[in-house]
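Read off the chains here:
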Amino acid sequence: MRFLVTGAAGFIGSHICERLLDLKCEVIGIDSFTDFYSRKVKKSNLEKLRENFNFSFIHENLMTVDLFSVLPGVDYVIHLAAQAGVRSSWGKDFKTYSDFNILVTQKLLEISKNFNLKKFVFASSSSVYGDSAALPMTEGDILRPSSPYGVSKLAAENLVTLYNKNFGVPTISLRFFTVYGPRQRPDMAFHRFIRSILRNEKIEVYGDGEQTRDFTYVSDIVDAVIAAAQSDAVGEIVNIGGGSTITLNKAIKIIEKGIGKKAEIEYLGVQRGDVPHTKANIKKAKKLFEYSPKVKLPEGIINEINWLKGDNLLCRSAQNF
Ligand code: NAD
Ligand code: UGA
């Protein structure tokens, strides 16, 4: 089985590639090392992968790469490459969100329709829901994204559905809910909090810390992506949550316990684009491909702490991200 993984050098992409190689699949990774965070971090995400002769890497931007030369022989496309980040999607940076999230997805779908793929898995996001009136968030809910990032992911998700309906591309869109664990992106809350506490620096909490998130451990996301790819489900949109919905304040307490040190917290204003609460209804994922998250928050947080402790990323200053 040959997989094409876009965004292979990123947080989630590198974990998915590793698991696929463990399963003896052939993996082609594409990544352009966008400058959202340090390319050194992305290169280190690829280190283990590069040792495997079943892994090949294309260092190119999907906007310009000749996909007609990449797709022949590919069975599965796992499309993760995107400009992530909710709070940074305002203003002039939206061009990057629209280029990398919308245009790139349309290009990939347009070319994919010419090939006999077994599945096209798209990494969608809980951010498509916005400030949902009802919790848990369920796939059929009305979607009103609260951030330009959410708008770009929803546009891409709609394109994915259109290419399934009109051209029979065998798609599935997975709405990931706040993913954490080793290699988490350096702009995300747990990474920032753990790194700052380890370095005796204060942490910044946006709002009163009573917002809730359905935090999802990265290996559960990997399980879901692979199960969805192999399932018979086609043309579907499916939530992937972690089953650990908790307030940020409570999550900080778990981090403090895991590190054995109290955090110095500065509470700042609510950031534009942030939603107050997320919680995934995961019944559909369970029904379609027996998804069931396994990693509980305290265990997952310890894994992320240990990763950051062992990583020389700690020596770098925050500005390098
Ligand atoms: P990430 O930034 O770590 O990984 C994305 C990778 O894609 C990066 O390495 C980047 O260099 C690459 N990339 C971006 N645009 C590209 C382009 N045009 N050409 C080639 N490479 C390109 O992000 P992540 O957290 O691993 O997220 C992966 C996917 O999951 C994204 O689609 C994101 O929207 C989605 N998602 C993530 C989360 C989360 O909590 N991390 C939650 C919901 C959805
Ligand atoms: C995350 C990812 O960053 C998005 O790429 C993804 O699409 C989204 O999940 C999703 O679920 O769809 P977010 O929930 O904002 O977005 O994740 P974090 O960056 O970990 O933030 C979690 C909470 O902590 C937010 O309320 C945020 O405002 C807060 N936060 C973050 C802080 O209080 N301080 C910080 O330094 C960082």
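Look above for the structure.
Description of the structure in this document. All values reported here derive from a predicted model rather than from experimental measurement.

This part is about unusual backbone geometry. Of note, the amide linkage connecting Leu135 to Pro136 takes the cis form, showing an omega dihedral of 0 degrees. Take Pro136: it is sitting in the loop between β5 (119-125) and α4 (148-167). Phi at Arg183 is positive, roughly 75 degrees, even though this residue is not glycine. Its place among the elements puts Arg183 in the loop between β7 (179-180) and α5 (189-198). Residue Arg183 is classed as buried on the basis of its relative accessible area of 16%. At Glu290, a position not held by glycine, the phi torsion is positive, near 55 degrees. With respect to the helices and strands, Glu290 occurs in the loop between α8 (283-289) and α9 (297-310). For Glu290, a relative accessible area of 70% translates into the label exposed.

Residue placement: Met188 occurs in the loop between β7 and α5. Considering only alpha carbons, one finds Met188 and Val86, 102 residues apart in sequence, at a separation of 9.8 Å. Aside from chain neighbours lying at most four places away, what touches Met188 is Thr178 and Val179.

Rules and cut-offs
Residues numbered from 1 in each chain as written. Chains lettered and ligands numbered in written order. Predicted model: local features only at pLDDT ≥ 70, side-chain atom pairs only at ≥ 80, totals over all residues. Heavy atoms only, no water. Helix = DSSP H or I, 4+ residues; strand = E, 2+ residues; numbered from the N terminus. Buried < 20%, exposed > 50% of the residue type's maximum accessible area, 1.4 Å probe, protein only. Contact = heavy atoms within 4.5 Å.

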